[in-house]
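Topology and contacts: notes
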Amino acid sequence: MNLASPAAPRRGPHSAGNATMGHGKHKELADKSSDGAHAATATAGATAMGGRSRTLGATPGAAPGPAGPGLDRHEQAGAAPGAAGTDQDGHEQAGAAPGAAGTDQDGHEQAGAAPGAAGTDQDGHEQAGAAPGVAGTGQEQAEAAPGAAGTGRDGQEQAGSSPGMHRVLSMDATLAPRDPRAPGQFGHPVAVPDEKQEEAKSRWKEGNFNVYLSDLIPVDRAIADTRPAGCSEQQVHNDLPTTSIIMCFVDEVWSALLRSVHSVLSRSPPHLIEELILVDDFSTKEYLKEQLDTYMSRFPKVKILRLKERHGLIRARLAGAEIAKGAVLTFLDSHVECNVGWLEPLLERVRLRRAKVACPVIEVISDKDMSYMTVDNFQRGIFTWPMNFGWKQIPQEVIEKNKIKETDIIRCPVMAGGLFSIDKKYFFELGMYDPGLDVWGGENMEISFKVWMCGGEIEIVPCSRVGHIFRNDNPYSFPKDRVRTVERNLARVAEVWLDEYKELFYGHAYHLLLKNVDVGDLTQQIQLRKKLQCKSFRWYLENVYPDLEAPLVKASGLLVNVALAGCIAVEGSTLAFEECDVNNTNQKFNYTWLRLIQHRELCLAPSAVVGAVGLRHCQGRSRSLAWLHRSLATVQPGLTDHIISEHQHLPQPACLEVDPSYKALRVKACDSTNPYQKWQFGTYHVD
């Protein structure tokens, strides 16, 4: 079981908008969501692209350059209505409205393009490039006559001059002019000086990233605009809901927390931010007390909620949600950098349908050199057994067949969990997070299953980008040890949401059965699921994540002895060895994820008589009924075709055998060369 922090998405080895994917087999094509957005359903056997990562805009052997700046890598205007930018000397300047003046590479004012026609060239300069009246919503750009309204695939009204809509605001306001020569400016990597290597190394554990470099970098640094081409021209409604940003932290690094806050305030339309709630989960660092209060007092919308005891990330988020006043809750981690235009595309999706949960594309801030790196396009959050979160790319052939564009919404089976927007009332209707989950881990699985199975949708919005420092370990402590906490949380999620598929979870995390892990009282969660009339996990697999391999049993059908070509059969409450008959249901067995050899309610079991084999009523958590076969039969070489008993009172290893003279079944010491101990099921669903 992989219990590390959610893995970073695959980083792009090239500028945003030019990702390439490897090819692999697939069996499920892109679908449509209820509003017509591309389903972007990746498929079994799809291979993600390989290759090294490098910072956005970098060329081999050259210093990385950000997407969007001018030739001298200085930030330049091109912002949406009223947004502030900076000139090449780092001075703040007023943003231009659509069609108004911009600036050239020398900072001189130049004529703006016609409304709706602005694009950017390869050097990041604003230019006229789109057909008049072309507008986008995040799925499609609809062509319309100049000034006329069009309709996207979501049925949203859209047009360059349509009443009630505007182009996404790509604002980036700062309190003071930026220094273009500052370390890490524009998201560039920073090197630790030779004489500071030991200091940097000693400070790593403060946050499990390069704290020394983080403290060198401005808290309001500029980063490259990594959005795919077309995002800056997209239209959103004027009446977007307000949001409460909830950012939980415990003993967070000072500079990382400040950079997170500044990125939200600098790059978000102020009228959409109801408040930014910093939830202090009982931090011990002195700088996070009065010093933080003083610093944040300059920002009227920042509120600090201090918890009187350690709650853990999950319950800390719930505490923030309880006091939030915005119509939408937006959860962020406390070591992020929001990119330009990040917020409105998320709120637009929630406005479109209140049961949509919108997630930004999570980009990578290097934990080593603090560079801001883009990620490959067309990735979505998935999980593998036993509920390990990961990222998977949509196969290239699916992208081409369905004409999926880089700006298209991607339906996401499982969210990463740290960064998303959700309608506040809807979040409360869903029961928020399960309050029985401890500290951290598994909450992304729980909220994902709950949203999809109870009528909602989870989407990744490619025009919203947020950088995140991915750490190899959590710098804070767990009340119990970390592994036990996460495993218990996942087992709790499995018991409530996976139905009969929870056997796959336990089959891949068999040690949890042996521990008999205590998941706590599930009554309220089971009642909530009934109240919400949620669909089954089978429905989720068929409609949301059809490419997950989830056979309910490992093997099934006839159980054939290799030497005699005969089959085990059930006769009443006893076992027999007979000539094989595929039509005889009494010869049909399942080899389950709980390692049982099962026929209806009965299971093969070594009996009280030494060496004999009989039938007992199945008990999923009993090792005395468990058998090892194929990939599990690794106790000694050459036993993969054997069936090995896990009964603790038998000499080990002990194998199922048929007596060739009497056709009787028994358990004897394993012998890799004995053909009477070799067995084959009719069908293997895994291995």
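An account of the accompanying structure is given in this report. (Residues numbered from 1 in each chain as written. Predicted model: local features only at pLDDT ≥ 70, side-chain atom pairs only at ≥ 80, totals over all residues. Heavy atoms only, no water.)

1. Description of the state of the cysteines
A full pass over the atoms with the stated rule returns 5 disulfides. Note that cysteine 454 is cross-linked by a disulfide to cysteine 534, the S-S spacing being 2.0 Å. Across the S-S bond of cysteine 454 and cysteine 534 the torsion is about 100°, and the bridge reads as right-handed. Residue cysteine 454 is located in the loop between helix H9 (443-453) and strand E24 (457-469), and its partner cysteine 534 is located in the loop between helix H13 (523-531) and helix H14 (537-543); the two are separated by 80 residues in the primary sequence. Comparing cysteine 454 with cysteine 534, the two get one shared label, buried. A sulfur-sulfur distance of 2.0 Å marks the disulfide that ties cysteine 603 to cysteine 618. Judged by the torsion about the S-S bond (105°), the cysteine 603/cysteine 618 disulfide is right-handed. Within this pair, whereas cysteine 603 is found in strand E30 (residues 602-606), its partner cysteine 618 is found in the loop between strand E31 (613-617) and strand E32 (627-629), the two being separated by 15 residues in sequence. A relative accessible area of 0% means that cysteine 603 is categorised as buried. In the protein chain, numbering the disulfide-bonded cysteines from first to last in sequence yields the connectivity 1-3, 2-4, 5-6, 7-8, 9-10. (Disulfide = S-S within 2.5 Å. Helix = DSSP H or I, 4+ residues; strand = E, 2+ residues; numbered from the N terminus. Buried < 20%, exposed > 50% of the residue type's maximum accessible area, 1.4 Å probe, protein only.)

2. Comments concerning the environment of leucine 343
Along the polypeptide, leucine 343 turns up in helix H6 (residues 343-352). Once residues within four sequence positions are removed from consideration, leucine 343 is found in contact with Thr243, Ser268, Leu272, Ile273 and Thr330. (Contact = heavy atoms within 4.5 Å.)

3. Looking at the environment of methionine 296
Summarising the element assignment, methionine 296 is placed in helix H4 (residues 290-296). Relative accessible area serves as the criterion here: at 2%, methionine 296 is assigned to the buried category. Those residues in contact with methionine 296, other than ones at most four positions away along the chain, are Leu258, Val261, Leu278, Val302 and Ile304.

4. A few points about the packing of aromatic side chains
The geometry of an aromatic ring pair is captured by two quantities: the separation of the ring centres and the angle between the planes. Applying the stated criterion across every chain, the model contains 20 aromatic pairs. Between tryptophan 254 and tyrosine 295 the ring centres are 5.7 Å apart and the planes differ by 80°, which places this aromatic pair in the edge-to-face class. Of this pair, tryptophan 254 sits in helix H3 (residues 254-266) while tyrosine 295 sits in helix H4; the two residues are 41 residues apart in sequence, bridging distant segments of the chain. Summarising the aromatic geometry, the rings of phenylalanine 537 and tyrosine 540 are spaced 5.2 Å apart at their centres and angled 25° between planes, so their arrangement reads as stacked. (Phe/Tyr/Trp six-rings, centres within 6.5 Å; stacked < 30°, edge-to-face > 60°.)

5. Some details on the nonpolar core
In globular proteins that are soluble, nonpolar side chains generally tend to be buried together. Counting 126 residues, the largest nonpolar core has Phe383, Met387, Phe427, Phe449, Phe505, Phe537 and Tyr540 as its most contacted members. It is helix H10 (residues 482-497) that contributes the most residues to this core, 7 residues altogether. Among the nonpolar cores identified, the runner-up in size contains 23 residues, and Val570, Leu650, Ala654 and Phe681 belong to it. (Core = buried A, V, L, I, M, F, W, Y, C linked by side-chain atoms within 4.5 Å.)

6. Brief notes about the sheet that holds strand E34 (residues 654-658)
Consider a sheet: its strands pair through backbone hydrogen bonds, and that pairing is either parallel or antiparallel. Here 4 strands make up an open sheet; going across it, the order is E32-E33-E34-E35 and the pairing antiparallel. Strand pairing shows two members of the sheet lacking a second neighbour, E32 and strand E35 (665-669), which therefore form its edges. Strand-to-strand twist in this sheet, taken as the mean axis angle between neighbours without regard to direction, amounts to 40°. (Pairing = 2+ DSSP bridges. Axes fitted to C-alpha atoms, helices over the stretch in contact; angles between N-to-C directions.)

7. Quick look at H10
With 16 residues, H10 extends 23 Å from end C-alpha to end C-alpha; this agrees with the ideal 22 Å at 1.5 Å per step. Counted residue by residue, H10 has 14 buried out of 16 residues, so it is predominantly covered. Within two residues after H10, aspartate 499 carries a phi angle of roughly 55°, on the positive side. (Expected span 1.5 Å × (residues − 1).)

8. Quick notes on the side chain of glutamine 587
Examined against the element boundaries, glutamine 587 turns out to sit in the loop between strand E27 (574-579) and strand E28 (588-592). Here glutamine 587 falls in the buried class, since its relative accessible area comes to 0%. Non-local contacts of glutamine 587, meaning those with residues more than four positions away in its chain, are made with Gly557, Leu558, Leu559, Cys567, Ile568, Ala569, Glu578, Glu579, Cys580 and Asp581.

9. With respect to the packing of H9 against H10
When two helices pack together, their arrangement is captured by the angle between the axes and the distance separating the axes. Across the interface, H9 lies against H10 with an axial gap of 10 Å and an inter-helix angle of 15°. Taken together, the axis directions place H9 and H10 in an arrangement best described as roughly parallel. Regarding H9 and H10, the two cross each other, and that crossing is right-handed. From H9, Met445, Glu446, Phe449, Lys450 and Met453 reach across to H10, where they touch Leu490, Val493 and Trp497. In terms of residue class, the contact of H9 with H10 is made up of 6 nonpolar, no polar and 2 charged. (Parallel < 35°, antiparallel > 145°, perpendicular 65-115°, else oblique. Left-handed = near helix turned anticlockwise from the far one by under 90°. Nonpolar A, V, L, I, M, F, W, Y, C, P; charged D, E, K, R; others polar.)

10. Describing unusual backbone geometry
With an omega dihedral of 0°, the bond running from tryptophan 385 to proline 386 counts as a cis peptide bond. Secondary-structure assignment places proline 386 in the loop between strand E20 (379-384) and strand E21 (388-393).

11. Section: the environment of threonine 284
Mapped onto the elements of the fold, threonine 284 is located in the loop between strand E14 (273-280) and H4. Residue threonine 284 is classed as exposed on the basis of its relative accessible area of 52%. Taking C-alpha positions, threonine 284 is 9.9 Å from glutamate 252, a pair spaced 32 residues apart along the chain.

12. Let's talk about the pattern of salt bridges
Counted by the stated rule, this structure contains 39 salt bridges. A salt bridge links arginine 630 to aspartate 641; the shortest N-O distance between them is 3.9 Å. Of this pair, arginine 630 sits in the loop between E32 and strand E33 (643-645) while aspartate 641 sits in the loop between E32 and E33, and the two are 11 residues apart along the sequence. Here the residues in one salt-bridge network are Arg349, Arg353, Lys356, Glu457 and Glu459, joined through shared partners. (Salt bridge = Lys/Arg side-chain N within 4 Å of Asp/Glu carboxyl O.)

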